[in-house]
Amino acid sequence: MTSNLRIDGPRLLSRLAALAEIGATPEGGCRRLALSDEDRAGRDWLVARMRSLDLDVRIDAIGNIVGILPGAEPGPAVILGSHIDTVATGGRYDGALGVVAGLEVLATLREAGITPRHPMAVIAFTNEEGARFQPDMLGSFVWGGGLSLAEALGQRDADGAVLGAELGRIGYAGPEVPGFLAARAYFELHIEQGPVLEQEALQIGVVTGVQGITWLEFTIGGEPRHGGTTPMKYRRDAGLLAARINVFAHEQTQAVPDLLANMGFVRMLPGNVNVVPEQVVCTLDLRNPDQALLDTAEQAIRHFAARAAEKAGLTLAIRDLARFPPTPFDPAMIGKVEQAAGALGLTCRRIISGAGHDAQIMAALCPTGMIFIPSIGGLSHNPREFSTDADLVAGANVLLQVAYDAAMA
Ligand code: HGY
Ligand code: MN
Ligand code: MN
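(A) Structural context of the packing of helix H3 (residues 96–111) against helix H12 (residues 389–408). For the pair H3 and H12, the least separation of the axes is 9 Å and the interaxial angle reads 60°. When the axis of H3 is compared with that of H12, the two are oblique. Read as a crossing pair, H3 and H12 show a hand that is right-handed. Judged by residue contacts, Leu-97, Ala-101, Gly-102, Val-105, Thr-108 and Leu-109 of H3 engage Leu-392, Ala-396, Leu-399, Leu-400, Ala-403 and Tyr-404 from H12.

This is how it looks when you write it as structure tokens:
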């Protein structure tokens with residue numbers, strides 16, 4: 001335990017502010033959708049920071065950005081990471097904190113003239129959010145071999161843009177094979193994005209794992225009809241079924257313990273006020289810490305939608321957009337995060353993550369630990385997302401402690 005090393009708080013905060021300027025929105029948040037021009041600008045900023053630290057910068061074929069600090073010995077690296085892409089209504093800290101704090105840890109070691117025994121690296125994974133291209137955690141999923149590079153490159157966004165073409169357009173289709181850097185350990189610092197730590201007035205969340213995620217896309221086919229002349233009994237209204245699926249999913253959250261559900265995307269075609277829609281595409285985001293309960297809810301929703309479509313004379317196709325099981329973290333890593341928080345005199349509790357993270361993918365590859373700091377008001381995926389400077393610095397110091405210990409072990 002390096003009781004005396006501390007990160008440079010003002011530098012961490014100024015770099016977070018600088019990255020938040022890229023894709024800044026009028027509401028005070030950030031919009032850097034994966035592989036957009038704003039994402040490219042954020043990537044360029046990150047690469048420049050990595051180069052200024054004299055890290056060995058590598059880009060892999062899915063656009064993951066890796067900055068490597070060589071160790072005294074060759075071998076698997078201690079990797080610190082997260083993502084810099086955001087949702088459309090993103091905040092300043094979701095993902096950015098883990099990447100910028102990782103950089104700060106390496107800068108602190110460099111300044112202290114410390115060469116770690118094992119290599120260390122900072123990684124920014126491509127398209128963690130899954131807001132534009134699905135699934136979420138796409139870059140880490142390809143890194144971990146859970147999704148083929150070809151399938152990932154072929155993903156399309158809602159406007160039909162192809163992921164591989166966008167990656168090439170922004171100049172981040174790199175030469176490295178995803179997963180090229182073996183990991184000795186992975187740590188991710190992230191905002192909680194929920195209300196627990198703030199409500200319990202705690203400084204650090206010791207993350208025990210991530211709940212299960214299932215994302216479904218429904219394509220409902222109806223018949224375009226005049227909104228003013230078609231009697232209700234003659235309509236095959238795809239929009240009505242989308243609404244009923246949304247209501248049914250919410251009813252499931254009352255029936256299935258701990259189930260969370262929301263319909264985040266709805267597109268109606270032709271989208272004219274006076275036309276009963278011909279086609280509706282909509283999505284459901286289902287979450288639960290228990291796989292069996294998640295499956296129960298999904299099956300009930302699939303069954304309801306199929307039966308309702310048949311009765312209404314509508315066509316229905318359901319497509320998986322993302323499917324990640326509940327993922328527990330390594331108990332030893334949980335202990336290390338808890339111990340580091342205690343050694344720094346920080347209050348903490350164990351907590352499961354409601355949000356998905358690249359850490360849940362890395363947990364299949366190596367011992368993985370996650371550190372949370374409080375989100376004010378529990379807000380995230382919202383421009384008003386906020387964490388205090390003191391908590392940002394405290395979280396980065398916990399990251400420094402656990403990363404340094406792992407890199408010197
Ligand atoms: O959807 C999630 O939980 C994460 O923000 N990608
Ligand atoms: Mn995130
Ligand atoms: Mn997010």
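Moving on from the coordinates now.
(B) Spatial organisation of the coordination of the manganese ion (ligand 3). For the manganese ion (ligand 3), the protein coordination sphere consists of Asp-94 (OD), Glu-129 (OE), Glu-129 (OE) and His-381 (NE2), at 2.2 to 2.5 Å. Along the chain, the residues that donate to the manganese ion (ligand 3) are spaced as D-x34-E-x251-H. Separating the manganese ion (ligand 3) from the manganese ion (ligand 2) is a gap of 3.6 Å, which Asp-94 spans by donating to each of them. Separated by 287 residues along the polypeptide, Asp-94 in the loop between strand E3 (77–82) and H3 and His-381 in the loop between strand E16 (368–373) and H12 bring together distant segments of the chain. Residue His-381 is classed as partly exposed on the basis of its relative accessible area, which comes to 38%.

(C) Seen up close, the pairing of strand E7 (residues 212–221). Counting buried residues in E7 gives nine out of ten residues, a clear majority hidden from the surface. For E7 and strand E12 (residues 279–288), the ladder comprises ten bridges, and the chain directions are antiparallel. Residue pairing across strands places Ile-220 opposite Val-280, the latter belonging to E12.

(D) Region of the structure containing the packing of aromatic side chains. Under the criterion given, the structure shown has six aromatic pairs. Pairing Tyr-93 with Phe-386 gives two aromatic rings, centres 6.5 Å apart and planes at 70°, and the pair type is edge-to-face. Placement of the pair is Tyr-93 in the loop between E3 and H3 and Phe-386 in the loop between E16 and H12, with a sequence separation of 293 residues. Accessibility expressed as a relative area gives 7% for Tyr-93, which makes it buried. Site record: aromatic cluster; members linked through ring pairs are Phe-125, Trp-143, Phe-180 and Tyr-186. Note that Arg-43 overlies the ring of Tyr-172, its terminal NZ or CZ placed 5.0 Å from the centroid.

Thresholds applied
Residues numbered from 1 in each chain as written. Chains lettered and ligands numbered in written order. Predicted model: local features only at pLDDT ≥ 70, side-chain atom pairs only at ≥ 80, totals over all residues. Heavy atoms only, no water. Axes fitted to C-alpha atoms, helices over the stretch in contact; angles between N-to-C directions. Helix = DSSP H or I, 4+ residues; strand = E, 2+ residues; numbered from the N terminus. Parallel < 35°, antiparallel > 145°, perpendicular 65-115°, else oblique. Left-handed = near helix turned anticlockwise from the far one by under 90°. Contact = heavy atoms within 4.5 Å. Donors = N, O, S within 2.8 Å, 3.2 Å for Na, K, Ca; no water. Buried < 20%, exposed > 50% of the residue type's maximum accessible area, 1.4 Å probe, protein only. Pairing = 2+ DSSP bridges. Phe/Tyr/Trp six-rings, centres within 6.5 Å; stacked < 30°, edge-to-face > 60°. Lys NZ or Arg CZ within 6 Å of the ring centre and 35° of its normal.

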